[in-house]
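What follows is each chain in one-letter form.
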Amino acid sequence: QVQLVESGGGLVQPGGSLRLSCAASEFTLDYYARGWFRQAPGKEREKVSCISSSDGSTYYADSVKGRFTISRDMAKNTVYLQMNSLKPEDTAVYYCATSRMCGDSDWGDYWGPGTQVTVSS
C-alpha cells in the first residue's frame, strides 16, 4: 500500500521556524515530483512548494517565497520543507502529495494525512 507520511508540525511563535518531512514508500524522487500543500479551515487548498524529479528544480508560492525552502534526500526518499520567519497566516494543515510533474493540475489520490502547523503568540 502507498504511504506518504508527514511529520514535523507543531506550535511556533511568529518569526519562528519548523521543518516538515515527508517520507514515502513509493513514488521515488528520481521519477515523481513531490509537493507541499496547505489548507486552513474555510480556505481553499494552496500549493506551497514542489520539487521536480528530473533535476530537483523547485517551485514556491508567492506567499512563502524567500521564507520556505524545499529539499530532498534521495537515499531516504524523503522531502523536507524548511519554514522560516513563520507568520500567523501560515497556520494550516500541511499535506504532502506526489505527482509525475510539479505542474500537473491534478495531483491524484496520493496524499499524506497532514500535519498541523500553528503560528501564534
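Below is a summary of the structure that appears in this document. Because the structure is a prediction, the values reported are computed rather than measured.

**Focus: the overall build of the protein chain**
Argument step 1. Counting secondary structure elements, the protein chain contains zero helices and ten strands.
Argument step 2. In sequence order, the secondary structure elements of the protein chain are arranged as β-β-β-β-β-β-β-β-β-β.
Argument step 3. A globule of 121 residues ought to have a C-alpha radius of gyration of about 14 Å, and the protein chain, at 13 Å, matches this closely.
Argument step 4. Its C-alpha atoms give the protein chain principal-axis dimensions of about 40 × 25 × 25 Å.
Argument step 5. In the protein chain, which comprises 121 residues, the proportion classed as buried is 41%.

**Points about the environment of C96**
Argument step 1. Examined against the element boundaries, C96 turns out to sit in strand 9 (residues 92–99).
Argument step 2. Overall, the relative accessible area of 0% leaves C96 in the buried class.
Argument step 3. The sequence separation of C96 and W36 amounts to 60 residues, and the corresponding C-alpha distance is 4.8 Å.

**A look at the state of the cysteines**
Argument step 1. Counted by the stated rule, this structure contains two disulfides.
Argument step 2. Disulfide partner of C22: C96, at an S-S distance of 1.9 Å. Negative torsions about the S-S bond denote left-handed disulfides, and the value of about -80° found for C22 with C96 makes this one left-handed. Taken together, the residues span a long stretch of sequence, with C22 in strand 3 (residues 18–24) and C96 in strand 9 at a distance of 74 residues.
Argument step 3. Across the disulfide, C50 is cross-linked to C102 (sulfur-sulfur distance 2.1 Å). Since a negative S-S torsion denotes a left-handed disulfide, the C50-C102 link at about -90° is left-handed.

Conventions and cut-offs
Residues numbered from 1 in each chain as written. Predicted model: local features only at pLDDT ≥ 70, side-chain atom pairs only at ≥ 80, totals over all residues. Heavy atoms only, no water. Helix = DSSP H or I, 4+ residues; strand = E, 2+ residues; numbered from the N terminus. Rg over C-alpha atoms; globule rule 2.2 N^0.38 Å. Buried < 20%, exposed > 50% of the residue type's maximum accessible area, 1.4 Å probe, protein only. Disulfide = S-S within 2.5 Å.

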